[in-house]
Amino acid sequence: MGRLDGKRALVTAAGQGIGRASAEAMAAEGAQVFATDVNADLLADMPAGIETFELNAMDADSIAAGVARAAPDVLFNCAGFVHHGDVMTATDDEWDFAFDLNVRSMFRTMRAALPGMVDRGTGSIINMSSACSSVIGAPNRFIYGTTKAAVIGMTKSVAVDYVTKGIRCNCICPGTVESPSWHDRVKALGEQVGSYEEALKQFVSRQPMGRVATAQEIAALVVYLASDDSGFTTGHPHIIDGGWSGQ
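Chemist: Could you clarify how one ought to interpret the overall build of the protein in this entry?
Modeler: A count of helices and strands for the protein gives seven helices and seven strands. Written out in order from the N terminus, the α and β elements of the protein read β-α-β-β-α-β-α-β-α-β-α-α-α-β. Rg of the C-alpha trace for the protein: 17 Å, near the compact-globule value of 18 Å for 247 residues, within the 12% margin. Every one of the 247 residues in the protein was classed for burial, and the buried ones make up 48%. For the protein, the share of sequence-separated contacts (at least 6 apart) that also reach a separation of at least 24 residues comes to 69%. If you sum the accessible surface of the protein, you get close to 11,100 Å²; carbon and sulfur atoms cover 53% of it. Counting 19 positive and 28 negative side-chain charges, the protein places the averaged centre of each group 5 Å from the other.

What follows is the structure in structure tokens.
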């Protein structure tokens, strides 16, 4: 018996990183998983038994079709992007793009999935936030931290509005997590500070444990929040940052 037997889970940005690890972890616990990504090529080697299809979290029609296909009991909103820079270097275009992908996409998916959850009287929504948000500030993450703070507020609002309807809404606030997109950011920083190794040292130095998280460690929390084990948990930002925000 798996912890998620009988549950249908829809995951955005499941092609790599935390999204992929979470899709695989939920499937291993018995969920019928619908793994989606805007880049369908990234889904080609998803393990057998996981249904995959292209979904653009920035397009309402794509979301509506995906939600209708999956009819999810569990919605994991994992799509997002990290912009580098402070308030003086941020552009209007970066701001608009970040809020569209990091915040409005979750608004769209929740708005599409909630009616079915309400009809069934059950549902768990898991939103990807970050320790870099209203929890803690990080250097040169002005736009990103602002959007992730908005995700926390949005999560709390949905949780309050639907707590009597059998629906829970939580968010996850990781520290630095090893993923393909993170390695891209390390490479970009390396070009500024002189080497990939120096950039890696800077990223790791802010983690009190002396390492970054694995995607599988975050996926374990996703499974918990998706399962009935967390049945009395809603409206909470779950911090999983290796002690970063506790310094």
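Back to the text.
Chemist: Looking at this structure, I do not really get empty space enclosed by the protein. What am I missing?
Modeler: Think of a ball as big as a water molecule: rolled over the atoms, this probe shows where empty space is left. Counted according to the given criterion, the structure contains one cavity of 30 Å³ or more. Empty space within the largest cavity amounts to approximately 40 Å³.

Chemist: What am I meant to see in the packing of helix α2 (residues 60–70) against helix α3 (residues 92–120) here?
Modeler: Any two packed helices are characterised by the angle at which their axes cross and by the distance between the axes. At a minimum axis separation of 9 Å, α2 and α3 run at an interaxial angle of 40°. One finds that α2 runs oblique with respect to α3. The element α2 and its partner α3 pack so that their crossing is right-handed. Residues A60, I63 and V67 of α2 pack against S105, R108, T109, A112 and A113 of α3.

Chemist: Got a minute to help me understand the nonpolar core in this structure?
Modeler: A general trend in soluble globular proteins is that nonpolar side chains are found buried together. In terms of nonpolar packing, the biggest core is built from 57 residues, with I18, M26, V33, F76, M110, I125 and I126 touching the most fellow members. For I125, the contacting residues outside a window of four places in its chain are L75, N77, M110, L114, M117, V158, I167, R168, C169 and N170. The next biggest cluster of nonpolar side chains, apart from the first, holds six residues, and it includes C132, A138, Y144 and W244.

Chemist: For this particular structure, what's the right way to read the packing of aromatic side chains?
Modeler: We describe a pair of aromatic rings using the distance from one ring centre to the other and the angle between the two ring planes. Scanning the model with the defined rule gives three aromatic pairs in all. A ring pair is formed by F81 and F97, whose centres lie 5.8 Å apart and whose planes are at 85°; its orientation type is edge-to-face. Here F81 is found in the loop between β4 (74–77) and α3, whereas its partner F97 is found in helix α3, with 16 residues between them in sequence. Residue F97 is classed as partly exposed on the basis of its relative accessible area of 35%. Here W95 and F99 contribute two aromatic rings whose centre-to-centre distance is 4.8 Å and whose plane-to-plane angle is 40°, an arrangement assigned as tilted. Within this pair, W95 and its partner F99 are both found in helix α3, separated by four residues, close to a single helical turn. Taking the ring centre of Y162 as reference, the NZ or CZ of K165 above it sits at 5.8 Å.

Chemist: Would you mind showing me how to read unusual backbone geometry here?
Modeler: Among all residues except glycine, the phi angle is most often negative; among peptide bonds, the trans geometry is most common. In this structure, A13 takes a positive phi of about 50° despite not being glycine. The topology assignment puts A13 in the loop between β1 (8–11) and α1 (17–28). Exposure remark for A13: the relative accessible area of 22% places this residue in the partly exposed category. Not every positive phi belongs to a glycine, and A71 is a case in point at roughly 45°. Counting through the fold element by element, A71 comes out in the loop between α2 and β4.

Chemist: What's the story with the packing of α3 against helix α4 (residues 142–162) in this structure? I'm lost.
Modeler: In the contact formed by α3 and α4, the axes pass within 9 Å of each other and the chain directions differ by 15°. As summarised for this structure, α3 and α4 are arranged roughly parallel, according to the angle between their axes. Once α3 is placed against α4, the crossing between them reads as right-handed. Mapping the contact onto sequence places E94, W95, A98, F99, N102, V103, M106, F107, M110, L114 and V118 in α3 and F142, I143, Y144, T146, T147, K148, A150, V151, M154, V158 and Y162 in α4. Its residues assigned to classes, the contact of α3 with α4 shows 17 nonpolar, three polar and two charged.

Reading the values: rules and limits
Residues numbered from 1 in each chain as written. Predicted model: local features only at pLDDT ≥ 70, side-chain atom pairs only at ≥ 80, totals over all residues. Heavy atoms only, no water. Helix = DSSP H or I, 4+ residues; strand = E, 2+ residues; numbered from the N terminus. Rg over C-alpha atoms; globule rule 2.2 N^0.38 Å. Buried < 20%, exposed > 50% of the residue type's maximum accessible area, 1.4 Å probe, protein only. Contact = heavy atoms within 4.5 Å. Areas by Shrake-Rupley, 256 points an atom, 1.4 Å probe, with all protein chains shown as cover. Lys, Arg positive; Asp, Glu negative; His and termini not counted. Charge placed at Lys NZ, Arg CZ, Asp CG, Glu CD. 1 Å grid on protein atoms, 1.4 Å probe; cavity = no way out; pocket = protein on both sides within 12 Å on 5 of 7 lines; lining within 4 Å. Points joined across faces, edges and corners; volume = space filled by probe spheres on them. Axes fitted to C-alpha atoms, helices over the stretch in contact; angles between N-to-C directions. Parallel < 35°, antiparallel > 145°, perpendicular 65-115°, else oblique. Left-handed = near helix turned anticlockwise from the far one by under 90°. Core = buried A, V, L, I, M, F, W, Y, C linked by side-chain atoms within 4.5 Å. Phe/Tyr/Trp six-rings, centres within 6.5 Å; stacked < 30°, edge-to-face > 60°. Lys NZ or Arg CZ within 6 Å of the ring centre and 35° of its normal. Nonpolar A, V, L, I, M, F, W, Y, C, P; charged D, E, K, R; others polar.

The quantities given are spatial measurements derived from coordinates; they are silent on function.
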